[in-house]
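Here are the chains, one letter per residue:
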Amino acid sequence: MSKISRRKFLAGSVAGGAAVMMTPAQKSFAAGSFEGFPEGMGVLVDLTRCVGCRTCEAACNLEQKLPAPALPFDDTSVFDEIKHGQKRRTTDKAYTIVNRYEPKGADEPLYRKIQCNHCNEPACLTSCFVNAYKKTPEGAVIYNSKVCVGCRNCMIACPFHIPAYTYHSAINPVIKKCIFCYDTRLKEGKPPACVESCPQQVMTFGKRKDLMKIAHERIKKNPGKYVDHVYGEHEVGGTGWFYLSSAPFEEAGFDTSLPKEPIINNVKDFLAIVPMVLTIWPALFTGFHLLATKGKSHGHGDDHSHDEQEGH
Amino acid sequence: MVNAGKQLMTGLGVLLLISILAMSCYAMDVFPDEVEIDVLENLYEGVAFDHAMHVDATENCSVCHHHTTGTGVESEYCAKCHDGEKEMDSVSCQNCHSADPVSAENLHNPKPDYIYHDDKPNLKAAYHLNCIGCHKEVDGPTGCEDCHAKTEAGDKFYHSGEFAPKESAKGSGH
Ligand code: SF4
Ligand code: SF4
Ligand code: SF4
């Protein structure tokens, strides 16, 4: 685990803030170009198999010890829920949700499971200025909630609108999202809970590169069944979880306007609009830090070191 | 013919995922009348699958089985390697569809049958894809509880039945 001490973080963000002030286009605090992990694991999601039973939602709830749902997991009325003109989205209490779509001309609905796509080059990671996010060699995009300051940059940066924000804790507001069951399963080589629970094996777990071959093979063997595209093969630099569909992806709620390049460039644009925030943040946190350490002698900042070790 | 029955019996002994309740193994049309499927029995009770009824309804084993004792393999992809004329020894689903194909061992060092059959659904999915896929076409039952009775553990898992959220909790989701 690579964590940073508060002092390092402050130094880093001051430097970052200064860099943005002078040359917004050359953002220096982000992870820069990230190559991904060739042996990383992934999940092939075949929409044509999903029957909308929501077992995966229940499995995630149990595995991630999330709060009880508002409605039972076998209640299909949730598919009719519309909030702010949109179908259901992932929340801090539901890291994955299944939505129903009615593609034009299709005689049956299409169900789509939504969770973090564990991007090869995650926009959440590159947008996070305290380095709370990490892409593990196993393929998961995880985050350190001890480091998260709740700034919500990643919420804006994520092209799939995945990270959700805990509004319930005013003291320690943090981002929450699907972690590929990293702690409990992935790091031991086991498939995620949602994948294992699915009666239809909508999700196939394996090495990303192997699964990509299987995805193309399925299209080749059933040209009438699938649209000739693997969503997530190239979108935003490639995603760890990728999709096959029988209907055009936009009709199953996918954003088909995403570029092939990692989203980092767009994040830069966004950040360039609000350099103000970045320039005041360091000052803000320096202020907090001074308040927090008020009365303590200089050079005696070891009070954080027990849970925030330096180095990588 | 007898081999097919023997294979079924071996599968029964090894995994105990399917128990064959009644079999008539010695006639030409070798098949069990009823198959008890209890792979999901944690959340759902086992299913007493009426095999004889499905044999009557479909009349051709290959509607459900890739390998059959009565007819050759039908898929063009199978026929490339497997002799389309020859009958197969392995007939029952769990002879080839493993309950847990994603073991770490299998991912890093695939067994020979996963090198060619690298996209083989696990046993649970083999059943459901086959059953629900056909039931959709013929208007058979497709809901979970049309075939399975949910157990208490299932109700707990789905937060349903006696474990359903209280009415007051309904409005709280933001
Ligand atoms: S889907 Fe969003 S939250 Fe998940 S890794 Fe990609 S950018 Fe990050
Ligand atoms: S991978 Fe784990 S955390 Fe992510 S949706 Fe599935 S069960 Fe939930
Ligand atoms: S468990 Fe599988 S079939 Fe059921 S809703 Fe989830 S992905 Fe679809």
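Overview of the structure.

Cut-offs used in this document
- Residues numbered from 1 in each chain as written.
- Chains lettered and ligands numbered in written order.
- Predicted model: local features only at pLDDT ≥ 70, side-chain atom pairs only at ≥ 80, totals over all residues.
- Heavy atoms only, no water.
- Helix = DSSP H or I, 4+ residues; strand = E, 2+ residues; numbered from the N terminus.
- Buried < 20%, exposed > 50% of the residue type's maximum accessible area, 1.4 Å probe, protein only.
- Contact = heavy atoms within 4.5 Å.
- Areas by Shrake-Rupley, 256 points an atom, 1.4 Å probe, with all protein chains shown as cover.
- Pairing = 2+ DSSP bridges.
- Axes fitted to C-alpha atoms, helices over the stretch in contact; angles between N-to-C directions.
- Core = buried A, V, L, I, M, F, W, Y, C linked by side-chain atoms within 4.5 Å.
- Phe/Tyr/Trp six-rings, centres within 6.5 Å; stacked < 30°, edge-to-face > 60°.
- Lys NZ or Arg CZ within 6 Å of the ring centre and 35° of its normal.

### Comments concerning the overall build of chain A
A tally of regular secondary structure across chain A gives eight helices and nine strands. The 312 residues of chain A split such that 52% are buried. Considering only residue pairs separated by 6 or more positions, chain A has 64% of its internal contacts joining residues 24 or more positions apart. With an accessible surface of roughly 15,000 Å², chain A has 56% of that area assigned to carbon and sulfur atoms.

### Some points on the sheet that holds strand S1 (residues 41–46) of chain A
Residue and element names in this part refer to chain A. Spatial strand order, S8-S1-S9: three strands in an open sheet with mixed pairing. Each edge of the sheet is formed by a strand with only one pairing partner; in this case those strands are strand S8 (203–207) and strand S9 (241–244). Between one strand axis and the next, the sheet turns by 25° as a mean value, whatever way the strands run. With four bridges joining them, S1 and S9 adopt parallel strand pairing. The partner of Leu44 across the bridge, within S9, is Phe242.

### Some words on the nonpolar core
Residue and element names in this part refer to chain A. Residues Tyr133, Met203 and Trp241 are the most contacted members of the largest nonpolar core, which totals 63 residues. In contact with Trp241, not counting residues within four places along its chain, are Val43, Val45, Lys113, Gln115, Cys116, Asn117, His118, Phe180, Pro192, Cys194, Val195 and Met203. Among the nonpolar cores identified, the runner-up in size contains ten residues, and Met212, Ile214, Ala215 and Leu244 belong to it.

### A word on the packing of aromatic side chains
Residue and element names in this part refer to chain A. Evaluated as defined, the whole model comprises eleven aromatic pairs over all chains. Taking the centre distance of 5.9 Å and the plane angle of 50° together, the rings of Tyr133 and Tyr143 count as tilted. Of this pair, Tyr133 sits in strand S4 (residues 133–135) while Tyr143 sits in strand S5 (residues 141–143), and the two are ten residues apart along the sequence. With centroids separated by 6.3 Å and ring planes inclined at 80°, the aromatic side chains of Phe180 and Phe205 adopt a geometry described as edge-to-face. Here Phe180 is found in the loop between strand S7 (175–176) and helix H5 (193–197), whereas its partner Phe205 is found in strand S8, with 25 residues between them in sequence. The buried category is assigned to Phe205, whose relative accessible area is 4%. One aromatic cluster is present, formed by Tyr231, Tyr243, Phe249 and Phe254 through successive ring pairs. One Lys or Arg, Arg112, reaches over the ring of Phe254 and ends 4.0 Å from the middle of that ring. A cation over a ring is seen here: Arg152 above Tyr165, with NZ or CZ 4.0 Å from the ring centre.

Any functional reading would require information that these geometric values do not contain.
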